[in-house]
Amino acid sequence: MVIAIMTSRIIGTGSFVPETVVTNDDLSKIMDTSDEWIAGRTGIRERRLVKEETTASMSAEAARRAMQNAGVTAEEIDLIIVGTITGDYVTPSTACEVQAAIGADKAVVFDINAACSGFVFALITAHAYLNAGIYKTALVLGAETLSKIMDWNDRSTCVLFGDGAGAAVVRADETGIMSFDQGADGSKGMVLACRNRVNNNPFVKNDIVHDYVSMDGQEVYKFAVSTVPKSIQKVLDEANLTTEDISYFVLHQANIRIIQSVAKRLKVSEDKFPISLDHLGNISAGSVPILLDEMNQKGMLQKGDKIVLSGFGAGLTWGSVLVEW
Ligand code: COA
């Protein structure tokens, strides 16, 4: 008797980025920076920033596009997981807002806070449910409005980030996700941090009104270039594959130099590392699914292709997934 081994497959993608384009030259008009510095150190040339859009509105549109791409209806969605650190409300979750906006009434929904690993963590979580036979069809998103948590007086952070949302429809299937790896090092949490509201109950006195993202860029850089190649190697080893078998490495889009260093450490041509950071900057949880959708829309992904998705960032957190398309 042949017993089908269950896994889960990405069957459609979608994304949404805000209309407003902000170039490095635009930023150099309002702060002491330059296109030369930003592009030279990071590869970023422009980013999209919200005006009217919200994390939920971008997510809902990305979700609609992914469902259309996958050919599934809202009634078929059993589970919605959104990776985000910039939901519009502390509660309800962004996933609840998406559920209401698209009418996925029967779906179980929640957010995951894993910063730039958010989409990859959400995908692995959805995979666990689908693999276990609990649900059949999931909507997995990574979405951020990072511009609202940036200190726009801190040129060393605010120039790096952008806003946007990406989504994937994932369905229980016999082929698809082949292996995954994830991890965290909470002891280094303050390397890249943003405090939530401080307590202002009548019995405490707090001077902090708002807090914004703070980052030790060089520590984050060192963490990324040492951890990501190991995580990618793990998922390859687990599936008995080598880098030669992989069509694309879809990495979190933080910095071109991180991506080049990962490629070098893995001894893989940079051509296998598609890029969106040049026109979108770093969108934290949004980076991986938006780039995946760009690749899908361009027809870069053929059935049977093996690709690695890898997220890394605040927490510190990291995660990689090996996917057969
Ligand atoms: N424009 C111009 N100058 C800037 C600047 C900007 N936007 N931001 C910082 N500088 C200046 C600094 O003030 C400093 O000047 P000084 O030497 O006169 O003090 C100089 O540039 C170098 O700053 P430093 O922070 O040492 O630069 P760096 O080489 O480490 O590059 C990053 C900074 C952020 C590009 C780099 O550390 C990095 O990419 N880290 C990873 C960050 C990341 O990807 N985070 C997200 C992960 S999810």
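Computed from a predicted structure; not experimentally measured.

1. A look at the sheet that holds strand 13 (residues 317-324)
A sheet is described by the order of its strands in space; here 4 strands give the open sequence 8-13-12-11, paired in mixed fashion. Taken across any chain shown, the strands that pair with only one partner, and hence form the sheet edges, are strand 8 (177-184) and strand 11 (248-251). For this sheet, the mean angle separating the axes of adjacent strands, direction not counted, is 10 degrees. Pairing of strand 12 (residues 306-313) with strand 13, which is carried by 8 bridges, proceeds in the antiparallel orientation. If you follow Gly 313 over to strand 13, its bridge partner there is Thr 317. Across the sheet, helix 5 (residues 118-131) lies against strand 8, strand 12 and strand 13, angled at about 55 degrees from strand 13, the strand it touches most.

2. Quick word on the packing of aromatic side chains
For the coordinates displayed, the defined rule picks out 4 aromatic pairs. Here Phe 249 and Phe 273 contribute two aromatic rings whose centre-to-centre distance is 5.0 Å and whose plane-to-plane angle is 10 degrees, an arrangement assigned as stacked. Separated by 24 residues along the polypeptide, Phe 249 in strand 11 and Phe 273 in the loop between helix 8 (256-266) and helix 9 (277-280) bring together distant segments of the chain. The same class applies to Phe 249 as to Phe 273, namely buried.

3. Let's talk about the site of the ligand
Around the ligand, the surrounding shell holds 21 residues, and the nearest of these are Thr 33, Arg 41, Gly 217, Gln 218 and Asn 255. One nitrogen or oxygen atom from the side chain of Thr 33 is found 2.7 Å from a nitrogen atom belonging to the ligand. Residue Arg 41 places a side-chain N or O atom 2.6 Å away from an oxygen atom belonging to the ligand. When isolated, the ligand has an accessible area of 970 Å², and the protein chains bury 71% of it. With 4 residues, the single largest contributor to the shell around the ligand is helix 7 (residues 217-238). Residue composition of the shell around the ligand, by class: 9 nonpolar, 9 polar and 3 charged.

4. Describing the side chain of Thr 84
Along the chain, the position of Thr 84 falls in the loop between strand 4 (79-83) and helix 4 (94-102). Of note is the side chain of Thr 84, whose polar atom sits 2.7 Å from the backbone oxygen of Ala 143.

5. Observations regarding helix 3 (residues 55-70)
For helix 3, built from 16 residues, the straight-helix expectation of 22 Å at 1.5 Å per residue is met to within 8% by its first-to-last C-alpha distance of 22 Å. Residues of helix 3 that are buried: Thr 55, Ala 56, Met 58, Ser 59, Ala 60, Ala 62, Ala 63, Ala 66, Met 67 and Ala 70. Buried residues along helix 3 sit against strand 1 (7-16), helix 4, strand 6 (137-145) and strand 7 (163-173). Positive phi appears at Gly 71, one or two residues downstream of helix 3, with a value of about 70 degrees.

6. A word on the sheet that holds strand 5 (residues 108-112)
Strands in a sheet are paired, the pairing made by backbone hydrogen bonds, and the direction either parallel or antiparallel. Read across the open sheet, the 5 strands follow the order 1-7-6-4-5; overall the sheet is mixed. The open sheet has two edge strands, strand 1 and strand 5, and neither has a second partner. Ignoring which end each strand starts from, the neighbouring axes of this sheet average 20 degrees apart. Strands strand 1, strand 6 and strand 7 of the sheet are contacted by helix 3, whose axis makes an angle of about 125 degrees with strand 1. Across the face of the sheet, helix 10 (residues 287-297) comes into contact with strand 1, strand 6 and strand 7 while running at roughly 90 degrees to strand 1.

7. Some thoughts on the nonpolar core
In terms of nonpolar packing, the biggest core is built from 46 residues, with Ile 232, Phe 249, Leu 251, Val 262, Phe 273, Val 308 and Phe 312 touching the most fellow members. At the level of elements, helix 7, strand 11, helix 8, strand 12 and strand 13 are the ones that each hand at least two residues to this core. In terms of residue count, the dominant contributor to this core is helix 7 (8 residues). Each of domain 1 (7-175) and domain 2 (179-324) contributes no fewer than three residues to this core. For Val 308, the contacting residues outside a window of four places in its chain are Ile 232, Val 235, Leu 236, Ile 246, Tyr 248, Phe 249, Val 250, Ser 320, Val 321 and Leu 322.

8. Some points on the domain arrangement of the chain
When its domains are assigned, the chain resolves into domain 1 (7-175) and domain 2 (179-324). Taking only C-alpha atoms into account, the centre of domain 1 sits 14 Å from that of domain 2. Of the roughly 3,600 Å² buried where domain 1 meets domain 2, counting both sides, 64% is carbon and sulfur surface. Among the residues of domain 1 in contact with domain 2, Cys 116, Val 120 and Ile 124 are the three that bury the most area, contributing 17% of the side total. In this assembly, domain 1 and domain 2 are joined by 0 salt bridges. Here domain 1 and domain 2 share 20 residue pairs in polar contact (both at pLDDT 80 or more) between them. Of all the secondary-structure elements, those providing two or more residues to the side of domain 1 that touches domain 2 are strand 1, helix 2 (35-42), strand 3 (46-49), helix 5, strand 6, helix 6 (155-158) and strand 7. When residues in the side of domain 1 that touches domain 2 are grouped by element, the largest group, 7 residues, is from helix 5. Class assignment of the residues belonging to the side of domain 1 that touches domain 2 gives a composition of 20 nonpolar, 19 polar and 11 charged.

Procedures and definitions
Residues numbered from 1 in each chain as written. Predicted model: local features only at pLDDT ≥ 70, side-chain atom pairs only at ≥ 80, totals over all residues. Heavy atoms only, no water. Pairing = 2+ DSSP bridges. Helix = DSSP H or I, 4+ residues; strand = E, 2+ residues; numbered from the N terminus. Axes fitted to C-alpha atoms, helices over the stretch in contact; angles between N-to-C directions. Contact = heavy atoms within 4.5 Å. Phe/Tyr/Trp six-rings, centres within 6.5 Å; stacked < 30°, edge-to-face > 60°. Buried < 20%, exposed > 50% of the residue type's maximum accessible area, 1.4 Å probe, protein only. Near = heavy atom within 4 Å. Polar contact = N/O pair within 3.5 Å; in protein donor to acceptor, adjacent residues only side chain to side chain. Areas by Shrake-Rupley, 256 points an atom, 1.4 Å probe, with all protein chains shown as cover. Nonpolar A, V, L, I, M, F, W, Y, C, P; charged D, E, K, R; others polar. Expected span 1.5 Å × (residues − 1). Core = buried A, V, L, I, M, F, W, Y, C linked by side-chain atoms within 4.5 Å. Domains from an automatic or database assignment. Buried area = accessible area lost by both parts, 1.4 Å probe. Salt bridge = Lys/Arg side-chain N within 4 Å of Asp/Glu carboxyl O.

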